[in-house]
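Here's the letter readout for the chains.
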Amino acid sequence: MHSNPDEAAIRKLLMDAKRIAVVGLSPRPHRDSNRIARYLQEHGYEVVPVYPREDEILGQKVYRSVQDVPGTVDLVNVFRRSEHLPPVFDDFLASDAPAVWTQLGCVDEEGAARAGGAGRTVVMNRCIMVEHARLLGSR
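Residues numbered from 1 in each chain as written. Predicted model: local features only at pLDDT ≥ 70, side-chain atom pairs only at ≥ 80, totals over all residues. Heavy atoms only, no water.

Colleague: Can you walk me through the packing of aromatic side chains in this structure?
Modeller: The relation between two aromatic rings is expressed through the spacing of the ring centres and the mutual angle of the planes. Tallied over the entire structure, the rule returns zero aromatic pairs. Just above the ring of Tyr63 sits the side chain of Lys61; from NZ or CZ to the centre is 5.1 Å. One cation-aromatic arrangement involves Arg120 over Phe92; the distance from NZ or CZ to the ring centre is 4.9 Å. (Phe/Tyr/Trp six-rings, centres within 6.5 Å; stacked < 30°, edge-to-face > 60°. Lys NZ or Arg CZ within 6 Å of the ring centre and 35° of its normal.)

Colleague: I would appreciate a short explanation of unusual backbone geometry in the present structure.
Modeller: Trans peptide bonds make up the majority, and among non-glycine residues the majority have a negative phi. Its identity is not glycine, yet Glu54 carries a phi of approximately 80°, on the positive side. Along the chain, Glu54 falls in the loop between strand S2 (46–50) and strand S3 (56–57). On the accessibility criterion, Glu54 (38% relative accessible area) is partly exposed. At Leu58, a position not held by glycine, the phi torsion is positive, near 55°. As for its position among the elements, Leu58 is in the loop between S3 and strand S4 (60–61). (Helix = DSSP H or I, 4+ residues; strand = E, 2+ residues; numbered from the N terminus. Buried < 20%, exposed > 50% of the residue type's maximum accessible area, 1.4 Å probe, protein only.)

Colleague: Which parts of the structure should I look at to understand helix H2 (residues 32–42)?
Modeller: Residues spaced three or four apart along an α-helix point in a common direction, a consequence of the helix completing one turn every 3.6 residues. Where H2 is concerned, the buried positions are Ser33, Asn34, Ile36, Ala37, Tyr39 and Leu40. Each element contacted by the buried residues of H2 is listed here: strand S1 (19–23), S2, S3, strand S5 (75–78) and helix H5 (128–136). (Contact = heavy atoms within 4.5 Å.)

As structure tokens, this is what we get:
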């Protein structure tokens, strides 16, 4: 069973990340993925949308996969239901991103084990906005 990093490691991950690919970032403002991505932008992160449709979301160019994103991605934040996570983990593992974060209720034990075995950081079943606010406040 996957065990998330401790609080200090999560704080460091959030402090060190500059560019976050958000998989499943909806163009609809009322959706959690959009609201949380806006929060991340407001707190200084560069948000890179990964979505199967749309050309632009939140003023940013949209990519179809994490592997398609040019340049460095520090963290992959995932808004996909658990049953859709295996291909997301495949995409993440085929990229150079060092860490992946799945939102509340999103769990893929096998994907987390593969990512952990590849030396990648995995935070699962946690809300990045809640954790950022709790650990870093208004930084």
